[in-house]
Amino acid sequence: MLARLDTAALVGLVAHPVGVEVDIGRGLPAITVVGLGDTAVLQARDRIRAAFGNAGFDWPDRRITVSLPPSDLPKHGSGFDLPIAIGLLAAAGHAPQTALDGLWALGELGLDGSVRGVRGVLSTVLAARAAGARLLVVPSANLGEAALVPDVPVAGARTLRQVGAWLRGQEELDPPAPPAESAPPAVEDLADVRGQAAARRALEVAAAGGHNLLMVGPPGAGKTMLARRLPGILPDLAQDEALEVTQVHSAAGLLTPAMPLVRTRPFRAPHHTVSVAGLVGGGSGIPRPGEVALAHHGVLFLDELAEFPRVALEALRQPLEDGHVTVVRSVAAVRFPARFALVGAANPCPCGYAGDLVRACRCGPEERRRYERKLSGPLLDRVDIFVEVERVGADALGASTAAEPSDAVRARVIAARDRQALRGVLNARLPTSDLAGRCQADGAARRILGIATERLGLTARAYHRALRVARTIADLAGDDTLMADHIEEALGLRYAEAHGRRATAAS
Amino acid sequence: MIDRQRIRPTGTPATTIAAARKPRTRPSRELARPPWWSPETPHQDVLLSLAASRGALPWVTATRLADGVAADDLLRDDSPDPAAVNRRLSDLSIRFVHPGSQEWPFADAPPDPPCAWLFAAGRPLPPTGRSVAIVGGRRASPLRQAVAGALATALAAAGCPIISGGAIGVDAAAHHATVEAGGHTVAVLGSGLDVPYPRANVALFCRMRAGAGTVVGEHPPGALPRPSHFLPRNRLIAALSIAVVVVEARERSGSLATARAAGARGEGRVLAVPGAPWDLGAAGCNALIRDGAVLVRGAADVLAELGVSQPEALATRSPAEAPLSPAAARTLTALADGIVVRPSQLSGLTGLDPGALAAAILELEIAGLVERSIAGVRAVALPADSHAAW
């Protein structure tokens, strides 16, 4: 007997429809799975066989062939267990084939017959909706995630026994619970940060314009603490943004049943020993999302920026430019969304105490030059804002007056972003061709810009970057025209590659 | 007047140490030693006797030895004739200067330990009578480099040739400023003149050889720079000049060695630019002043020590282009040491809030007086209104 239903195979973030055909025919008792499955798929045979027994079903002692068309699409993971088991139940006569028409299923089986959660459910639901599925059966653990997409009937399965009873019309599957309106997890608040006026301001400008930020300060100054508070002053995720973020997290298997929808902006802080594959996506077989994709619509924080290997930083260029990253492997080329705010942190020198009047720096000038050279280059070309993070003294740390909370800052950021929304694009992504039109400056501002460009030896790129930041500062102030103050502040926030300039001036 | 006893080197010169280590006894007469001489050098007897005899033969031999020719081969019949070596030197536009040469600078006051020969390129060596050495470290702060440049400019205008070591930092600033001012500058190298070191200053050396000055050294063509070359090199800087101005010197630095070498000479004068006690780059200068060196407040102090009248041009320097704002002036004062200071600490020093401080820094940056880096802010040039003093 032949049974047929549908499921999907995840390639990157996209789930491709996959059929599940189960045939029980004559021959020696055996089960074969064909159709480019990886080890996890092939091992489904053993899991299903054990689950069958423990769920109280007789294993058909005949020749069983399972096919997963299209046969040339590589499939991986354990999500094919449940659809194969359902097909087997129908083929063995435990359910009519009509019950399988338009049915989609996805889930991993435990040896005891339980149905376990898998990753990439959200993408599968989207694929099921596109295919016009009658019903999608998912593990109950993934029910919250599956219910995020409207217009697709979904049901949750806890055990294989329950699924068998449902197929015979004896029992119901779990209905999707109404989305839990649990409060989003508390994000860290800027009110906890003492002092740091300059860094707070830089953080606000970066948030308002979507600018990439580099913080420099001695060890223990609070660079990480400040970076963690950036998501809290960004506007809340819009519904479609939240779905995009959730889809990436679903594909990476990072969702929890308690929080099926990611509603807070992600904050990813990979360690500097991260591999290129870990950063931009990859891994064996079909590429999985990396840190840049997981930071989509959020913040990617690179602490100890100078310690990251050069190849890893180079790999960040595409996502920083294009807002997505394409990972090409032999089995598949996968594109992940990766539009994030980059926040880098670095010590001012290898020992961390350059420029400190209290603690002497132990680094030689050549060592420092090497360090600066390491930092500059391709990545700093994409950093718009550079700010010093100071080490706060004990008196300021002990101060009882609370600093401005994140909510107040976020209100200003949202207002500035609303002004940018009228222009259609965040300032950080204003195309160079539009800059002149979008950044009308008054006379004094133009004069300062002219003098500064000449005397500071600004490159064209640095000039455009200063204009974009000045545009954001003006947006925060609610001004349409760039004024001298805005330009001056923007120039003060730029990264000055001092040594390079001196070297050329001297020779 | 300098108390020579106190200026006398406290450390022992390298050659004395080498002599002490030497196992066998040498004749007591003072021998000029080749610059690459060391106890490990093979055929010391040959080398030393060659170096002691003056004339054309020793430098040919020395050149070949430095090229790696075994000493035994030098005495064979097929040894190259001096003319061939001469041709090679003239191909490189390098002159061999020995005590018989007209431009031999050490006729009256030989350096200690003595120097047997020099290789020179560019203009003829200037007479030592008015030459001033400006020395300082490679790591000198930009502000002290600016001081070296300002001094060189003023002294060159007064007709003093400027001697220095051709290194990056203070040396390069002094050479550059002299070339710009149209003066005569001499770089004393620790390597062969055809393989000048450091590479960063090759363009500068080319300008000097093309007519802006003289490049000189006691190492034959092809001799690569070695750490052991530079301390002996410093004694030549001292011997080529009538006065040594130490613009920057850390403790136990090469500049300090030059100053001590000058102080140890009969007629050498030592001058030093002072600094704050906590300024590492001034530690050596301050120590020299305490030991009797002349304190330098500006070019006028150097000229007065030399007994040279101040040229008109110095007194009437162009005034500042635009006065600094009070906030910028205060910030510049806080950066007077020339060391890197973080903006947050600068804010505490000046009492300016971050916004006002950022504006002040930008103003100073545009005026070319300070420089921002990843570590903080530092002064890199002298404010225009203080130029009169320099």
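Residues numbered from 1 in each chain as written. Chains lettered and ligands numbered in written order. Predicted model: local features only at pLDDT ≥ 70, side-chain atom pairs only at ≥ 80, totals over all residues. Heavy atoms only, no water.

### Observations concerning the sheet that holds strand β8 (residues 269-272) of chain B
All names here are of chain B. Defined as follows: Each pair of strands is called paired provided DSSP finds at least two bridges between the two strands. A run of H or I in DSSP counts as a helix once it spans at least four residues, and a run of E counts as a strand once it spans at least two, with each numbered from the N terminus. It only takes one pair of heavy atoms within 4.5 Å for two residues to be counted as in contact. Each axis is a line fitted through C-alpha atoms, and for a helix only the stretch in contact is used; angles between axes span 0 to 180 degrees, taken between their N-to-C directions.
Sheet architecture is open: nine strands sit in the order β1-β2-β6-β5-β4-β3-β7-β8-β9, paired in mixed fashion. Only two strands of the sheet have a single partner each, and these edge strands are β1 (95-97) and β9 (294-295). Across two bridges, strand β3 (residues 132-135) lies against strand β4 (residues 162-164) in parallel orientation. Its bridge partner lying in β4, Val132 is registered against Ile162. Across the sheet, helix α7 (residues 142-157) touches β3, β4 and β7 (243-246), and the angle it forms with β3 is around 170 degrees.

### With respect to a nonpolar patch on the surface
Put simply, the rule is: Patch membership requires over 30% relative accessible area and the absence of a salt bridge. Like charges are linked within 9 Å, and nonpolar side chains (Val, Leu, Ile, Met, Phe, Trp, Tyr) within 5 Å. Here the Shrake-Rupley method, with its probe set to 1.4 Å, supplies the accessible areas, and only the displayed protein chains count as covering residues. We count a salt bridge whenever a side-chain nitrogen from Lys or Arg sits within 4 Å of a carboxyl oxygen from Asp or Glu. Under the scheme applied here, a residue whose accessible area is under 20% of the maximum for its type counts as buried, over 50% as exposed, and between as partly exposed, the area being computed with a 1.4 Å probe on protein chains only.
Where nonpolar side chains cluster on the molecular surface, the patch consists of Leu357 and Val358 of chain A together with Leu349 of chain B and spans about 300 Å² of accessible area. Inspection of the secondary structure puts Leu357 of chain A in the loop between β15 (341-346) and α14 (365-375). You can call Leu357 of chain A partly exposed: its relative accessible area is 41%.

### Some points on the interface of chain B and chain A
The criterion, for reference: Throughout, the accessible surface (probe 1.4 Å) given up by two parts as they are put together, summed over both, is called the buried area. For the purposes of these results, a polar contact is taken to be a pair of N or O atoms within 3.5 Å, where, inside protein, one atom must be able to donate a hydrogen and its partner to accept one; residues adjacent in sequence count only when each atom of the pair is a side-chain atom. We call Asp, Glu, Lys and Arg charged. Ala, Val, Leu, Ile, Met, Phe, Trp, Tyr, Cys and Pro are nonpolar, and the rest, Gly among them, are polar.
Facing the 27 residues of chain B at the interface are 35 residues of chain A. Counting the surface lost from both chain B and chain A, the interface buries some 2,600 Å², and carbon and sulfur atoms represent 57% of this. For the chain B face of the interface with chain A, the top three residues by lost area are Arg342, Arg372 and Ile374 of chain B, together amounting to 31%. Notably, a salt bridge pairs Arg494 of chain A with Glu365 of chain B, separated by 2.7 Å at the nearest N-O pair. Counting across the interface, chain B meets chain A through eight residue pairs in polar contact (both at pLDDT 80 or more). Residue assignment for the side of chain B that touches chain A shows that the elements contributing at least two residues are α7, α16 (343-350), α17 (354-366) and β10 (370-372) of chain B. Counting residues per element, the side of chain B that touches chain A draws most heavily on α17 of chain B, which supplies five residues. Its residues assigned to classes, the side of chain B that touches chain A shows 14 nonpolar, six polar and seven charged.

### Section: the side chain of Arg265 of chain A
Residues and elements named next belong to chain A. With respect to the helices and strands, the residue Arg265 is situated in the loop between α9 (239-251) and β11 (267-268). Reaching out from Arg265, the side chain makes a polar contact with the backbone oxygen of Pro235 at a distance of 2.5 Å. Only 2.7 Å separates the side chain of Arg265 from the backbone oxygen of His297, close enough to count as a polar contact. When near neighbours in sequence (up to four residues on either side) are disregarded, Arg265 contacts Pro231, Leu234, Pro235, Asp236, Leu237, Glu241, His297 and Gly298.

### Details of helix α18 (residues 443-455) of chain A
Residue and element names in this part refer to chain A. Threshold: Given the number of residues in a helix, its expected span is that number minus one, multiplied by 1.5 Å. For this quantity, the arc is that covered by the directions from the helix axis to the C-beta atoms.
Between its first and last C-alpha atoms α18 spans 18 Å; for 13 residues at 1.5 Å apiece the expected length is 18 Å, and the two agree. Within α18 the residues assigned to the buried category are Ala445, Ile448, Leu449 and Ala452. All buried residues of α18 fall inside an arc of 100 degrees around its axis, so they share one side. For α18, the exposed residues lying more than 90 degrees away from the buried face are Arg446, Arg447 and Glu454. One or two positions beyond α18, positive phi appears at Gly457, with a value near 60 degrees.

### What about the sheet that holds strand β16 (residues 385-388) of chain A?
Residues and elements named next belong to chain A. Taken in spatial order, the five strands of this open sheet run β11-β12-β15-β10-β16, and their pairing is parallel. Of all strands in the sheet, those bounded by a partner on one side alone are β11 and β16. Alignment of β11 against strand β12 (residues 299-302), held across two bridges, turns out to be parallel. Bridging from a neighbouring strand, Arg268 pairs with Leu300 of β12.

### So, the nonpolar core
All names here are of chain A. Formally: Remark: nonpolar core denotes a set of buried residues (Ala, Val, Leu, Ile, Met, Phe, Trp, Tyr, Cys) joined through side-chain atoms within 4.5 Å. Source of the domain bounds: an automatic or database domain assignment.
In this structure, Leu160 and Leu316 are the most contacted members of the largest nonpolar core, which totals 114 residues. Here the element with the most residues in this core is helix α3 (residues 81-91); it accounts for eight residues. Both domains that meet at this core, namely domain 1 (2-167) and domain 2 (190-391 + 402-506), each give it at least three residues. Other than its neighbours up to four places away in sequence, Leu160 contacts Ala51, Phe52, Ala55, Phe57, Leu82, Ala85, Leu89, Leu109, Gly113 and Val115. The next biggest cluster of nonpolar side chains, apart from the first, holds 54 residues, and it includes Phe301, Ala416, Leu449 and Ala466.

### Notes on the packing of α7 of chain B against helix α8 (residues 170-180) of chain B
All names here are of chain B. In plain terms, the rule: Here a crossing is called left-handed whenever its near helix is offset anticlockwise from the far helix by less than a right angle, and right-handed whenever the offset is clockwise.
As a packed pair, α7 and α8 sit with axes 8 Å apart at the nearest point and diverge in direction by 35 degrees. Crossing of α7 against α8: the hand is right-handed. Each of Gln145, Ala148, Gly149, Ala152, Thr153 and Ala156 in α7 lies in contact with α8, whose residues at this interface are Val170, Ala173, Ala174, Ala177 and Thr178. The residue inventory of the contact of α7 with α8, partitioned by class, reads seven nonpolar, four polar and no charged.

### As for the side chain of Arg423 of chain A
On the secondary structure map, Arg423 of chain A appears in helix α16 (residues 406-423). If we skip the residues at most four places from it in the chain, Arg423 of chain A touches Arg438, Arg471 and Asp475 of chain A.

### Remarks on the environment of Leu342 of chain A
Residues and elements named next belong to chain A. Mapped onto the secondary structure, Leu342 falls in strand β15. For Leu342, a relative accessible area of 3% puts it in the buried group. Sequence-distant contacts of Leu342, that is, excluding residues within four places in its chain, are made with Asn212, Leu213, Leu300, Leu302, Leu320 and Leu379.

### A closer look at the packing of aromatic side chains
Residues and elements named next belong to chain A. So the rule is basically this: Any two of the Phe, Tyr and Trp rings considered here, Trp counted by its six-membered ring, make a pair once their centres fall within 6.5 Å; the pair's planes then place it as stacked at under 30 degrees, edge-to-face at over 60, or tilted in between.
Within this structure, the stated rule accounts for seven aromatic pairs over all chains. Centroid distance Phe52 to Trp59: 5.4 Å. Interplanar angle 85 degrees. Geometry classified as edge-to-face. What makes Phe52 buried here is its relative accessible area of 0%. Relative to Tyr495, the ring of Phe386 has its centre 5.1 Å away and its plane inclined at 80 degrees; by these criteria the two rings are edge-to-face. With Phe386 in strand β16 and Tyr495 in the loop between α20 (484-492) and α21 (498-506), this residue pair connects regions lying 109 residues apart in the sequence.

### With respect to the confidence of the model for chain A
Quick note on the threshold: Residue-level confidence of the predictor is summarised by pLDDT, bounded by 0 at the bottom and 100 at the top.
Averaged over all residues, the pLDDT of chain A is 88; the fraction at 70 or higher stands at 95%. Segment residues 498-507 of chain A is flagged for pLDDT under 50; beyond a separation of four residues in sequence, or across chains, it makes 14 contacts in the model.

### Observations concerning the environment of Ser433 of chain A
Residues and elements named next belong to chain A. Here Ser433 is to be found in helix α17 (residues 432-438). Judged by its relative accessible area of 65%, Ser433 falls in the exposed class. For the pair Ser433 and Leu167, spaced 266 residues apart in the sequence, the C-alpha separation amounts to 61 Å.

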